[in-house]
Amino acid sequence: MPDSKQAPTILVVDDDAEIRYSLTRVLSSHGYQVTEAASGEQGVAMVRKGPVPHLVFLDVRMGGMGGIEALQHIRSANPRQLVVLMTAFGTAQTAIEAMKYGAFDYVMKPFDPAKVLSLAQNALKAHADLRAVGDYKPSVNPDDYREGIVGNSPVMQDVFKVIGQVTASDVTVMITGESGTGKELVARSIWKHSHRSSKAFIAVNCAAIPDNLIESELFGHEKGSFTGATTQRLGKFELCDGGTIFLDEIGDMALATQTKILRVLQQGEIQRVGGTETIRVDVRILAATDKDLEAMVKAKTFREDLYYRLNVVRIRMPALRERTEDIPQIVDFCLQNLVKQRKARVGKVAPEAMAVLVRHPWPGNVRELENVVYRSAVIAQGDAILVKDLPVEIGGGSAAAPMPAAVMEESSASAAAAAVVDITAALDAVYAAAKISGGGALEFVEREVVTRALAEAGGDAAAAAKILGITKAAVQKRAKGA
Ligand SMILES: Nc1ncnc2c1ncn2[C@@H]1O[C@H](COP(=O)(O)OP(=O)(O)OP(=O)(O)O)[C@@H](O)[C@H]1O
Ligand SMILES: [Mg+2]
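Cut-offs used in this document
Residues numbered from 1 in each chain as written. Chains lettered and ligands numbered in written order. Predicted model: local features only at pLDDT ≥ 70, side-chain atom pairs only at ≥ 80, totals over all residues. Helix = DSSP H or I, 4+ residues; strand = E, 2+ residues; numbered from the N terminus. Buried ≥ 20, exposed ≤ 12 C-beta atoms within 10 Å, placed from the backbone. Core = buried A, V, L, I, M, F, W, Y, C linked by C-beta atoms within 7 Å. Domains from an automatic or database assignment. Contact = placed C-beta atoms within 7 Å. Pairing = 2+ DSSP bridges. Axes fitted to C-alpha atoms, helices over the stretch in contact; angles between N-to-C directions. Parallel < 35°, antiparallel > 145°, perpendicular 65-115°, else oblique. Left-handed = near helix turned anticlockwise from the far one by under 90°. Nonpolar A, V, L, I, M, F, W, Y, C, P; charged D, E, K, R; others polar. Near = placed C-beta within 6 Å.

### Digging into the overall build of the protein
Reasoning step 1: When helices and strands are tallied, the protein shows 19 helices and 16 strands.
Reasoning step 2: With 482 residues in all, the protein has 33% of them scored as buried.

If you want it as structure tokens, here you go:
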């Protein structure tokens, strides 16, 4: 690891001396200590030998060892090495490979010096943030949460207690709460702890099945009972005999089906669609909804008698924003599971990133949080999730973070300095073009500049004169000559 007290060190690896020269100028004029390597082989050897630079700028196309290969060697010598790849040929394949082999970023040549500096700043910030994460201690051990429900907040502790109370009987439980709060998780937990745990648990999403099919889905049908019913089919209730049925999104169930569910609850029997036989079933019902069933009862879109039958015990799942103290544990729990399942490599979260996660209101609750943790863990290049790895919508992303004014000023000043460097290349092009056009370089530049100014001014000579800093008459004279 480089010593953080010394000036940040950057290694520039490119076989083009001019690129090395201009990059070194831009970076060293901003206090970076720059070393150069003229080939992939030399760059790899320098990282291997040490001292390890804070950041490497690495060209993709070089004679001998190319940038992608060098990247792999560098990262295997030092897995935490931050590397920015540079290329003039931005094919999909190089971009994909660069990121796949762990590049911090990827830039196109020719580059804007301000962009190079902001990249270096971002990379060094990431470097410092990753070091600051240090020995991260996850707040939970997933083995302690075999239910998969994490939460030490008082509201969640109350939920756990009620789960415990309802497992000993067959009482019907209504679980309410916003989308993604863990309603299905709770239903499964009740089943797992109940005496029915060795029998089936079947979840039926009432909102996902069309009204004309839901009865057949739940109660089965006899052969020939409707077009397409070519064979007899058993429904979920029969298949689940002795077990537990979870009627999810029950607020989306048609009134006709509600009547039949009521009958199962009251009499413990069903009839297949198109059948006459009454079949006894022994099924425990758990139901869930994110709808306001009381309002639906008032509006007569939900049967009142069914409501009372289902709502014997109510578990209200609190929204995640009502239990923000649980967020760090849920994040750690998700991350550790992702790592265990090899879906992600990153198992740590920087404190600032955790603070962003805790602050977000999470309208999609735990499901949304889980998604964000997964996405961020996948794109994080270091060994911890940093603020820049979080989605911009929730307050993450390096682009979203405003640059401090001092840094902005610094980079525009450097842009001017670097523009001077770049003008050398521009002049080379001018001399070459003038030679081809067969005229003098000065005359050539004048013609090009006047033409360009007139084009930018939409042909207005007075406006072009302003751009050029000459009189309108002078513009007109030169335009005639052009
Ligand atoms: N307390 C928790 N700890 C850990 N993971 C949780 C917790 N609550 C929910 N989850 C996870 O969040 C996701 C959503 O949970 P679940 O499907 O149970 O929510 P839901 O309330 O049924 O949502 P919807 O109303 O959208 O169906 C699941 O992947 C679940 O594992
Ligand atoms: Mg659900």
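Once you've had a look at it, read on.
### Quick word on the nonpolar core
Reasoning step 1: In this structure, V83, V84 and L85 are the most contacted members of the largest nonpolar core, which totals 62 residues.
Reasoning step 2: Both of domain 1 (9-133) and domain 3 (321-394) provide at least three residues apiece to this core.
Reasoning step 3: Other than its neighbours up to four places away in sequence, V84 contacts L55, F57, A103, F104, D105, V107, L119 and A123.
Reasoning step 4: Formed by 38 residues, the second largest nonpolar core is a distinct cluster that contains F219, C240, I270 and A287.

### Description of the sheet that holds strand 5 (residues 105-108)
Reasoning step 1: Taken together, 5 strands build an open sheet; the order of strands is 2-1-3-4-5 and the sheet is parallel. The outermost strands of the open sheet, each flanked by one partner alone, are strand 2 (33-37) and strand 5. On average, each strand axis in the sheet is tilted by 20° relative to the strand beside it, whichever way the strands run.
Reasoning step 2: With 4 bridges connecting them, strand 4 (residues 82-87) and strand 5 associate as parallel partners. In the strand pairing of strand 5, M86 is matched with V107.
Reasoning step 3: Against the sheet, helix 3 (residues 67-77) engages strand 1 (9-13), strand 3 (55-59) and strand 4, with an angle of about 155° to strand 3.

### What about the packing of helix 6 (residues 154-167) against helix 7 (residues 183-193)?
Reasoning step 1: Between helix 6 and helix 7, the least distance of the axes is 9 Å, while the angle of their chain directions is 40°. Relative to helix 7, the element helix 6 is oriented oblique. Pair helix 6 / helix 7 crosses with right-handed handedness. In this structure, helix 6 contributes V159, I163, V166 and T167 to the contact, and helix 7 contributes V186, S189, I190 and H193.
Reasoning step 2: The class makeup of the residues in the contact of helix 6 with helix 7 is 5 nonpolar, 3 polar and no charged.

### Examining the sheet that holds strand 7 (residues 201-205)
Reasoning step 1: Read across the open sheet, the 5 strands follow the order 7-10-13-6-14; overall the sheet is parallel. Of all the strands in the sheet, the pair left with one neighbour each is strand 7 and strand 14 (313-316). Between one strand axis and the next, the sheet turns through 20° on average, direction left out of account.
Reasoning step 2: One ladder, built from 5 bridges, connects strand 7 with strand 10 (residues 244-248); its direction is parallel. Paired with F201 across the bridge in strand 10 is T244.
Reasoning step 3: The strands that helix 7 touches are strand 6 (173-176), strand 7, strand 10, strand 13 (284-289) and strand 14; relative to strand 13, the one it contacts most, it runs at about 165°.

### Examining the site of ligand 1
Reasoning step 1: Surveying the vicinity of ligand 1 reveals 18 residues, the closest of which are S179, G182, K183, E184 and V366.
Reasoning step 2: Mapped by element, the contributors of at least two residues to the shell around ligand 1 are helix 7, helix 13 (327-340) and helix 15 (365-379).
Reasoning step 3: Residue classes in the shell around ligand 1 are distributed as 6 nonpolar, 7 polar and 5 charged.
Reasoning step 4: If you count residues domain by domain, the shell around ligand 1 takes at least three from each of domain 2 (154-317) and domain 3 (321-394).

### A short note on the packing of helix 2 (residues 40-49) against helix 3
Axes are the key here: two packed helices are described by the angle between their axes and the distance separating the axes.
Reasoning step 1: The interhelical angle for the contact between helix 2 and helix 3, taken along N-to-C directions, is 10°, at an axis separation of 9 Å. By the angle between their axes, helix 2 is roughly parallel relative to helix 3. On helix 3, the residues touching G40, G43, V44, V47 and R48 of helix 2 are G67, E69, A70, H73, I74 and A77.
Reasoning step 2: Among the residues making up the contact of helix 2 with helix 3, the classes are represented as 5 nonpolar, 4 polar and 2 charged.

Limitation: the analysis is restricted to geometry and does not speak to function.
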